[in-house]
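So the chains spell out like this:
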Amino acid sequence: MKCPVCGSGARDIASSDPASLSIRCLVDGDYDLDAEGARALGPLSPSERQGVLSAAIRAKQPGHRPRITLATIIGVRRASEPAGEDVAASLAPLNLERS
Ligand SMILES: [Zn+2]
């Protein structure tokens, strides 16, 4: 698979949570990504995706991988577009199956 953040070759490593992916990327390291987060990352620019991963890394709990969720992405977009519309409402309906 390709890394959802940078597009490099990456692996989906074992996750105990079936609703999330655990990505191992040579560029970005290990991080978790839930289905909503994966869907919402798609339309973002590469620099926005890196910003989202950076936010997840800053917010991570000790002993856990960074986790990208829809909330992470909304937080980053609100920070970069303080006068923007409701980002959550503008995202496509969520329908991502784990493959
Ligand atoms: Zn990557």
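What counts, and at which threshold
- Residues numbered from 1 in each chain as written.
- Predicted model: local features only at pLDDT ≥ 70, side-chain atom pairs only at ≥ 80, totals over all residues.
- Helix = DSSP H or I, 4+ residues; strand = E, 2+ residues; numbered from the N terminus.
- Buried ≥ 20, exposed ≤ 12 C-beta atoms within 10 Å, placed from the backbone.
- Contact = placed C-beta atoms within 7 Å.
- Pairing = 2+ DSSP bridges.
- Core = buried A, V, L, I, M, F, W, Y, C linked by C-beta atoms within 7 Å.
- Axes fitted to C-alpha atoms, helices over the stretch in contact; angles between N-to-C directions.
- Parallel < 35°, antiparallel > 145°, perpendicular 65-115°, else oblique.
- Left-handed = near helix turned anticlockwise from the far one by under 90°.
- Nonpolar A, V, L, I, M, F, W, Y, C, P; charged D, E, K, R; others polar.

Participant: Before we move on, could you go through the overall build of the protein chain and cite the residues and values that matter?
Facilitator: In terms of helices and strands, the protein chain carries four helices and four strands. Order of helices (α) and strands (β) in the protein chain, N terminus to C terminus: β-β-β-α-α-β-α-α. For the protein chain, the proportion of its 99 residues judged to be buried stands at 27%. The contacts of the protein chain with a sequence gap of at least 6 include a subset with a gap of at least 24, amounting to 38%.

Participant: How would you summarise the environment of Asp17 if you had to cite specific residues and measurements?
Facilitator: Structurally, Asp17 can be placed in the loop between strand S1 (10–13) and strand S2 (20–25). C-beta crowding within 10 Å serves as the criterion here: with 10 such atoms nearby, Asp17 is assigned to the exposed category. Taking the C-alpha atoms as reference, Asp17 lies 9.1 Å from Asp34; in sequence the two are 17 residues apart.

Participant: Could you give me a rundown of the pairing of S2, with the residues and numbers involved?
Facilitator: Sheet topology places S1 next to S2; four bridges connect them, and they run antiparallel. Opposite Arg11, over in S2, you have Arg24 as the bridge partner. As defined by bridge partners, S2 adjoins strand S3 (residues 29–34) across six bridges and the pair is classed as antiparallel. The residue of S3 that forms the bridge with Leu21 is Leu33. Following S2, the chain reverses through three residues before pairing antiparallel with S3.

Participant: Provide a residue-level description of the nonpolar core, including the pertinent values.
Facilitator: One broad rule of soluble globular proteins: the nonpolar side chains tend to lie buried together. Grouped together as the largest cluster of nonpolar side chains are 15 residues, with contacts concentrated most on Ile23, Tyr31, Val52, Leu53 and Ile68. Once you skip the residues sitting within four places of it in the chain, Tyr31 turns out to touch Ile23, Leu53, Ala56, Arg65, Pro66, Arg67 and Ile68.

Participant: Which residues make up the sheet that holds strand S4 (residues 67–68), and what values go with them?
Facilitator: The mixed open sheet is built from four strands, whose spatial order is S1-S2-S3-S4. What marks the edges here is a single partner per strand, and that holds for S1 and S4.

Participant: Describe the pairing of S3, and please don't skip the residues or the numbers.
Facilitator: Pairing of S3 with S4 involves two bridges; the strand directions are parallel. If you follow Asp32 over to S4, its bridge partner there is Arg67.

Participant: Please give an account of the packing of helix H2 (residues 46–59) against helix H3 (residues 70–80) that cites residues and values.
Facilitator: Between H2 and H3, the least distance of the axes is 9 Å, while the angle of their chain directions is 115°. Taken together, the axis directions place H2 and H3 in an arrangement best described as roughly perpendicular. Helix-helix and strand crossings are classified by hand; for H2 and H3 the assignment is right-handed. From H2, Gly51, Val52, Ala55 and Ala56 reach across to H3, where they touch Thr72, Ile73, Gly75 and Val76. Here the residues of the contact of H2 with H3 sort into five nonpolar, three polar and no charged.

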